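# Residue-level structural notes
Residues per chain, in single letters:
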Amino acid sequence: MITNKVMVQMSQTRRGLRILCLGMLFLLFQGSLLFPQSSVADNIAQKFDFYTSAFPREEMYVHCDRKDYISGEDVWFRFYLVDRKSNKLSAGSSIAYFEILNPDNRPVIQRRFSLDGGTGSGHVVLPDTLSSGLYMIRAYTSWMKNFMPQNCFMKLVRIYNPLNRTSFSDSRYQSVFPDSGGKYETNTQSSVRIRKRENGTAGLALDIISTRDFRLKNGTLYYLFIQTRGNINYRTGITLSSDSSALAVPGGLIPGGINHITLFNASGRPLYERYIYTPLPGTDDIILETPVNAGTREKLDVKLAGGSGASLLKAAALSVSVAPLNSHSSSGMRNYLVFGSEFGILPDEVISGGIGKMSSDKQEEFLSGLSGCWIDWDVILGVKYPEINYKKETRHHYLRGCLLNSITRNPDPGRTVFLSIPGKNATLQYAVSGDDGYFTLSIPSDGRTRDLIIQPEEPERGNTIVLETPFSERYLPLTDRSRPVAEVDDNIGRLSVNHQVMKIYRSVDTPDTHETVSLSAGENRFYGKPDLEIVLDDYIKLPVMQEIFFELLPGVNLRKRKDDFELTIFDPVENQNYDNSPLMMVDGVVINDAALIAGLDPEVVERIDALKCRYFVGDHLFYGIVNVITKEGDFNSIALPDHAVRLVYRVTESTSDFLAPDYTDLLKRKSRIPDFRNLLYWNPSVLTDSQGKASFSFWTSDIRCDYEIVVEGISEEGRIFSSAKVFTVR
C-alpha cells in the first residue's frame, strides 16, 4: 500500500524530472544557437588547415653575386628553399631549377642544381652572344611547378653585350598580381571595411566600419580571421550592431609580416579581406666588422657577428658577395620573404628598402593592390583544389612523358612504359600511362650522367613517346612590349672594359673546367642472382647464339620458327614451356624481338643471365628473364628500335669553386698583369661557429671604387639575415 508520504515524494520526483527535462531542452535550444556559430568557425579553420597541409607553399630565394653582368661572364648564386608556413629551411625538395629568360620571355639558360637541407649553390656562364637587355632569373622546385608561373623566385638583372653597343631591350612584367576583380568588397567605398588603428600598444587595434544596409543584408553575427603565411593567428566571432565596431587583438598573437584579414558572415561566406603589415622583429641582425678604406691588392679581413640577438646567428647558413656598389644586387632576402612569390613580382623599392620604410599612405596604397595566389578562400572553401602533376623531388628526379598514338596523336592510357639504363648490371623501371596518356619515371637525384632508354611494352600498338621538358613552360605574360628601351649607363660600360681586360690577361690562368663525361650504370642487377649465369669465356667458342643457348642454358630455348626466332623458358613447376615469352634484354635494355639476340656475334657477348621462374617487378609479372650482356655493356651492338627514345641525361649540374688571386707573395702583388675583376669575392657557404660568429678574407683588385659586402642567410630557427656594408678602395 502506497502511503500519502510516498505519493508526495513521487510527485516531487516527477516535478523535478520535468524541470530537469525543461532545463535540458532549454540548453539544447541555446546550443542550437551557439554550436552552429562555433562549428562554422571550426569548419573554416579545418578546411584552411587541410588546404595548407595538402598544398604546402615552398618559397625559393636566390642570392646572386650581382645584378649587372657582361655577356660571357660567370653568374654565381645560392639557393634558399623555405617552407612558407614555418618560415624555416625546407628539406622537402632536393633539386632546384634555375633559368634565365631573355627580354622576349624565352629561356636562354636552363640548369638543375642539388639542394641539401634547403640550401644549394650554383654557377652558370652567360653565352657571349646574348644581346644587351633586361633578363629574368627565375628558380623553383618540381613541387612549385604545380603552381607556376606565379610560385617561383623572379628577379630582373641587366646583361650588357660590349660588341653590340645598343640600348637595352626592356621587358616588363606585372609587378603584382591583379586584384580579385570585385570578388570581395575591398575598397574604401564599400559597405564594409576594416581599418588598422595606431594605438601605441603592443596589440593590434582594428575598426570595422559597416553600413546599415550591409548589416540588414548580412545580419549582425560575423567571424574575423587573421592568417600569416598559412597559419591562423587569430579568430573570433563579432557582432556588428553599429556603424563602427572596435576590435582589440592581444599583443604577441600577430607575427611580423603580411597579415591577411578576412571577414565572414554567419554562414561562413567571405565578405571582405585586406592585408596589413606588422613589422618584423629585429633590424640589425648581423654586424660586419671591416675597414671602411683599403688599398689596391690589399687583404681585407671581415668578421661577422650577431647584432641584437647574437645567439640567433648560431647554426646559420650564410652566403657572401663583394662587388662594385652600383652593380651589386642589394640585400633583399629578408624583405623578399616577407611576401615570397605569393603576391607576384615585387617593385625594387620593396625588395631593397622594405615595406617597413614606406610611409603609412604609401604602404596602405601598396597593400590595397595586393592579391595572393596561394590563400584563395574560394578554393579553400570549395571542392575544386589545384591539380597536382608534379611530385616533390626528395630523393628522386621525375621524368614525365606522354604515350601517344603515332597516327591519331591521341593518348593511349593504361599502357606500360619501360625505362632501362644500359650496363652490365641491369636496371629496369616501368610506369603505366594515366587517363591522359602521361606517365612518370624516377631517376636518383644526383650528379651522375646516365644513358636512358625509354620504350613502350607493346610496340605493335604503334605508339610514340613524347617526353615533357623538366622545366616549366608557363611564363608570366609581358605587359608592355612597346615602351622605350632603357639607356646603357656608364657603370655598365666600365664593367665591360674590366671584363675584356680580364679575358685577355687571365685566359692562361683559367683552369680547364671541362669534365670528362662518363656514363653511370646500375650497381646491382634488379633481378638479383640469376638461376643461370653463363660466362662465355669459360667455355669453348660456339659460332652462333642458337648453339650457345642449346648447349649452355638448359631449359632456355632459342630456336627458329619459319622466318622468325622464338625464345622460350621451361617452367619447372608445370613441366612445360611458359605460355608467355620471357622478358628479353640486351645489356639490360628490353627488346621484343628474339632475332636480335640470335643475330648477335658471340665474340661480343660476355655473359648470359637467365631466371627461369616467374618474377615480379612491382605489380608487373614476367615469365622468366633472359639478359645477354655484351663485353662493352653499352647496347651499341644492335640498332635502337624506332619506338624507343634514347637520351644522355644528367639530373643536377656540378658546381665550380670561385677562384680569386692571392697576393700573399710579394712578387704577385707587384706584378704588372692588371687585375680588373668585377667580382672580388663569392662564398656561398659561410658557416658560423658555436658562438654565432664567422670570418672570411679576400684581396682587393686594381679598380678604385666603392664596393659593397652583402651577406644573406637563414638560421635553423627561421631567422632571416640580410646585411650590407660599403667600403672604398683608394
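Residues numbered from 1 in each chain as written. Predicted model: local features only at pLDDT ≥ 70, side-chain atom pairs only at ≥ 80, totals over all residues. Heavy atoms only, no water.

## Overview of the sheet that holds strand S26 (residues 463-467)
Spatial ordering of the open sheet is given by S24-S21-S26, a layout of 3 strands whose pairing is antiparallel. At either margin of the open sheet sits one strand with a lone partner, and together these are strand S24 (438-444) and S26. Across the sheet, the mean angle separating the axes of adjacent strands is 35 degrees when strand polarity is ignored. Sheet topology places strand S21 (residues 396-405) next to S26; 5 bridges connect them, and they run antiparallel. When the sheet's bridge partners are listed, glycine 401 is paired in S26 with leucine 467. (Pairing = 2+ DSSP bridges. Helix = DSSP H or I, 4+ residues; strand = E, 2+ residues; numbered from the N terminus. Axes fitted to C-alpha atoms, helices over the stretch in contact; angles between N-to-C directions.)

## Side note on the nonpolar core
Residues Met60, Phe77 and Phe79 are the most contacted members of the largest nonpolar core, which totals 58 residues. Judged by nonpolar contacts, the second largest core, of 31 residues, contains Leu532, Met584, Ile597 and Ala610. (Core = buried A, V, L, I, M, F, W, Y, C linked by side-chain atoms within 4.5 Å. Buried < 20%, exposed > 50% of the residue type's maximum accessible area, 1.4 Å probe, protein only.)

## What to know about the pattern of salt bridges
Applying the stated criterion across every chain yields a total of 30 salt bridges. For glutamate 533, the salt bridge identified is with arginine 525, shortest N-O distance 3.3 Å. Glutamate 533 gets classed as partly exposed once you look at its relative accessible area, which sits at 35%. The class for arginine 525 is partly exposed, based on a relative accessible area of 21%. Look at the salt bridges and you will find they share partners, linking Asp412, Arg415, Glu458 and Arg461 into a network. (Salt bridge = Lys/Arg side-chain N within 4 Å of Asp/Glu carboxyl O.)

## Overview of helix H8 (residues 545-552)
The α-helix winds at 3.6 residues per turn, so residues separated by three or four positions along the chain end up facing the same way. Taken together, the buried positions of H8 are occupied by Met545, Ile548, Phe549 and Leu552. All buried residues of H8 project into a common sector of 100 degrees when viewed along the axis, lining one side. In H8, the exposed positions that point more than 90 degrees away from the buried face belong to Phe550 and Glu551. Contact partners of the buried residues in H8: strand S27 (532-535), strand S28 (556-561), strand S29 (564-571), helix H9 (594-598), strand S33 (605-617) and strand S34 (620-630). (Arc of directions from axis to C-beta. Contact = heavy atoms within 4.5 Å.)

## Brief notes about the confidence of the model for the chain
Interpretation of this model should avoid reading the predicted coordinates in detail wherever pLDDT is low. Of the residues in the chain, 85% reach a pLDDT of 70 or more, and the chain-wide mean stands at 86. Every residue in residues 177-182 scores below 50 in pLDDT, and together they form 12 contacts with partners more than four places removed in sequence or on other chains. (pLDDT = per-residue confidence, 0-100.)

## Brief notes about the sheet that holds S27
In space, the 5 strands of this open sheet follow the order S27-S33-S34-S31-S32, with mixed pairing throughout. With partners counted over all chains shown, the strands left at the sheet margins are S27 and strand S32 (589-591), one partner each. Strand-to-strand, the axes of this sheet are offset by a mean angle of 25 degrees, without reference to chain direction. Bridging between strand S31 (residues 583-586) and S34 involves 4 bridges; their strand directions are parallel. Within the sheet, the bridge partner assigned to methionine 585 lies in S34 and is asparagine 627. Along the sheet, H8 contacts S27, S33 and S34; its crossing angle with S33, the most-contacted strand, is approximately 60 degrees.

## A few points about the environment of phenylalanine 214
Position of phenylalanine 214 among the secondary structure elements: in helix H2 (residues 212-218). Considered as a pair, phenylalanine 214 and valine 192 are 22 residues apart in the sequence and their alpha carbons are 7.1 Å apart.

## Notes on the packing of aromatic side chains
Summed over all chains, the structure comprises 34 aromatic pairs. An angle of 90 degrees between the planes, with centres 6.0 Å apart, marks the rings of phenylalanine 339 and phenylalanine 343 as edge-to-face. When sorted by exposure, phenylalanine 339 lands in the same class as phenylalanine 343, which is buried. Among the aromatic residues, ring-to-ring pairing joins Tyr681, Phe696, Phe698, Tyr707 and Phe727 into one connected group. Sitting over the face of the ring of tyrosine 80, arginine 78 holds its NZ or CZ atom 5.9 Å from the ring centroid. (Phe/Tyr/Trp six-rings, centres within 6.5 Å; stacked < 30°, edge-to-face > 60°. Lys NZ or Arg CZ within 6 Å of the ring centre and 35° of its normal.)

## Quick word on the side chain of arginine 57
Note on placement: arginine 57 falls in the loop between helix H1 (4-54) and strand S1 (58-64). A polar side-chain atom of arginine 57 sits 3.2 Å from a polar atom in the side chain of serine 341. Excluding anything up to four places from it in sequence, arginine 57 contacts Val82, Asp83, Arg84, Phe147, Asn151, Ser341, Glu342, Cys373 and Trp374. (Polar contact = N/O pair within 3.5 Å; in protein donor to acceptor, adjacent residues only side chain to side chain.)

## Section: the environment of glutamine 46
Assignment of secondary structure puts glutamine 46 in helix H1. Judged by relative accessible area, which is 55%, glutamine 46 ranks as exposed. Through-space distance from the C-alpha of glutamine 46 to that of leucine 381 is 9.9 Å; in sequence the pair is 335 residues apart.

## Some words on helix H5 (residues 360-368)
Among all positions in H5, only Gln363, Phe366 and Leu367 are buried. The buried side chains of H5 occupy one side of the element, clustering within an arc of 95 degrees when seen end-on. For H5, the exposed residues lying more than 90 degrees away from the buried face are Asp361, Glu365 and Ser368. Buried positions along H5 lie against strand S15 (257-265), strand S16 (270-278), helix H3 (333-339) and helix H4 (348-353).

## Quick word on the pairing of S29
The sheet contact formed by S28 and S29 spans 6 bridges and is antiparallel. Looking across to S29, one finds that leucine 558 is bridged to leucine 567. Note that S29 and strand S30 (residues 576-577) share 2 bridges and pair antiparallel. Across the sheet, residue aspartate 571 finds its bridge partner in S30, namely glutamine 576. Linking S29 to S30, which pair antiparallel, is a turn of 4 residues; within it asparagine 575 sits at a positive phi near 55 degrees.

## Considerations on a nonpolar patch on the surface
A contiguous nonpolar surface patch, about 310 Å² in accessible area, is contributed by Ile504, Tyr505 and Ile673. As for its placement among the helices and strands, tyrosine 505 is situated in helix H7 (residues 490-505). (Patch = residues over 30% accessible without salt bridge, like charges linked within 9 Å, V, L, I, M, F, W, Y side chains within 5 Å. Areas by Shrake-Rupley, 256 points an atom, 1.4 Å probe, with all protein chains shown as cover.)

## Side note on unusual backbone geometry
Going from methionine 148 to proline 149, the amide bond is cis rather than trans, its omega being 10 degrees. With respect to the helices and strands, the residue proline 149 is situated in the loop between strand S8 (133-140) and strand S9 (153-160). Positive phi is not limited to glycine here, since asparagine 105 has a value of about 70 degrees. Structurally, asparagine 105 can be placed in the loop between strand S5 (95-101) and strand S6 (107-114).

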